[in-house]
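# Structural description and commentary
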Amino acid sequence: MRLRITDPTSIVVDHDVASIRAEDASGSFGIFAGHADLVTALEISVVSWREVDGRQGFCAVRNGILTVSDGSRVDIATREAHLGDDLEELEAIVLAGYRTHIEAERSSRTASAKLRMQAIRRMVEALQGGPSEIGL
């Protein structure tokens with residue numbers, strides 16, 4: 001079975017593997033050769049696999065889409081991916097960083113939405129000749 005993990009700038013993983021473990025909103029799941037076709041959205045998690053020679057591999061992903069095709073190809077497209085040899089390190093450092101980044105994005109979107117609403121209110125008040133004075 002072929003595993004390919006890509007982010008916007010590169011192919012991070014392109015290996016023949018015996019099995020894969022990933023995580024979506026329903027929980028953790030495994031994929032072996034011959035798996036039915038599948039498309040699912042991944043959570044922030046670590047994708048792990050066992051290569052044909054028995055070696056273990058790990059890659060932290062910041063969300064993504066996983067597809068299984070013909071039971072012999074698994075493709076993961078993600079915003080951000082980091083390879084690592086140590087599962088605990090990936091979980092502790094990389095995943096924590098992903099979660100912090102998502103919280104910062106969420107806060108930024110909230111602040112931006114508040115600023116847009118304030119601007120719209122002031123424009124409406126100015127157009128209606130309302131109480132607010134626009135002092136530029």
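Please refer to the structure placed before this passage.
These lines cover the structure that appears in this document, whether it is placed above or below. (Residues numbered from 1 in each chain as written. Predicted model: local features only at pLDDT ≥ 70, side-chain atom pairs only at ≥ 80, totals over all residues. Heavy atoms only, no water.)

In terms of helices and strands, the chain carries one helix and nine strands. Secondary structure elements of the chain occur, N-terminal to C-terminal, as β-β-β-β-β-β-β-β-β-α. Computed over C-alpha atoms, the radius of gyration of the chain comes to 22 Å, more than 25% over the 14 Å expected from 2.2 N^0.38 for 136 residues, which places it beyond the range of a compact globule. Overall, the C-alpha framework of the chain stretches about 75 × 30 × 30 Å when taken along its three principal axes. Evaluated residue by residue, the chain yields a buried proportion of 32% over its 136 residues. Of all intrachain contacts in the chain linking residues separated by at least 6 positions in sequence, the fraction that spans at least 24 positions is 51%. Summed over all atoms, the accessible surface of the chain reaches about 8,600 Å², with 53% contributed by carbon and sulfur. Each charge class in the chain can be summarised by its mean position, and for the 15 positive and 21 negative side chains these summaries are 7 Å apart. (Helix = DSSP H or I, 4+ residues; strand = E, 2+ residues; numbered from the N terminus. Rg over C-alpha atoms; globule rule 2.2 N^0.38 Å. Buried < 20%, exposed > 50% of the residue type's maximum accessible area, 1.4 Å probe, protein only. Contact = heavy atoms within 4.5 Å. Areas by Shrake-Rupley, 256 points an atom, 1.4 Å probe, with all protein chains shown as cover. Lys, Arg positive; Asp, Glu negative; His and termini not counted. Charge placed at Lys NZ, Arg CZ, Asp CG, Glu CD.)

This paragraph deals with unusual backbone geometry. Even without being glycine, Asn63 reaches a positive phi, approximately 60°. When you line up the elements, Asn63 lands in the loop between β6 (56–61) and β7 (64–69).

A few words now on the layout of surface pockets. A volume near 160 Å³ is recorded for the largest pocket. Along its surface, the largest pocket is lined by 13 residues, and Glu23, Ser45, Val46, Leu87 and Glu91 are the ones closest to its centre. Counting residues per element, the ones that place at least two in the lining of the largest pocket are β2 (10–24), β5 (45–51) and α1 (87–127). By residue number, the principal contributor to the lining of the largest pocket is α1, which donates four residues. In the lining of the largest pocket, the residues fall into six nonpolar, three polar and four charged. (1 Å grid on protein atoms, 1.4 Å probe; cavity = no way out; pocket = protein on both sides within 12 Å on 5 of 7 lines; lining within 4 Å. Points joined across faces, edges and corners; volume = space filled by probe spheres on them. Nonpolar A, V, L, I, M, F, W, Y, C, P; charged D, E, K, R; others polar.)

A separate point is the nonpolar core. Core analysis: the biggest nonpolar cluster contains 20 residues, and Leu3, Ile5, Ile20, Val47, Trp49 and Leu66 have the highest contact counts within it. Of all the secondary-structure elements, those providing two or more residues to this core are β1 (2–7), β2, β3 (27–32), β5, β6, β7 and β8 (73–77). The element best represented in this core is β2, accounting for five residues. (Core = buried A, V, L, I, M, F, W, Y, C linked by side-chain atoms within 4.5 Å.)

Looking now at a nonpolar patch on the surface. Where nonpolar side chains cluster on the molecular surface, the patch consists of Met117, Ile120, Met123 and Val124 and spans about 350 Å² of accessible area. Overall, Val124 belongs to the partly exposed group, its relative accessible area being 37%. (Patch = residues over 30% accessible without salt bridge, like charges linked within 9 Å, V, L, I, M, F, W, Y side chains within 5 Å. Salt bridge = Lys/Arg side-chain N within 4 Å of Asp/Glu carboxyl O.)

A separate point is the side chain of Glu51. Its location among the elements puts Glu51 in strand β5. For Glu51, the contacting residues outside a window of four places in its chain are His15, Asp16, Val17 and Ala18.

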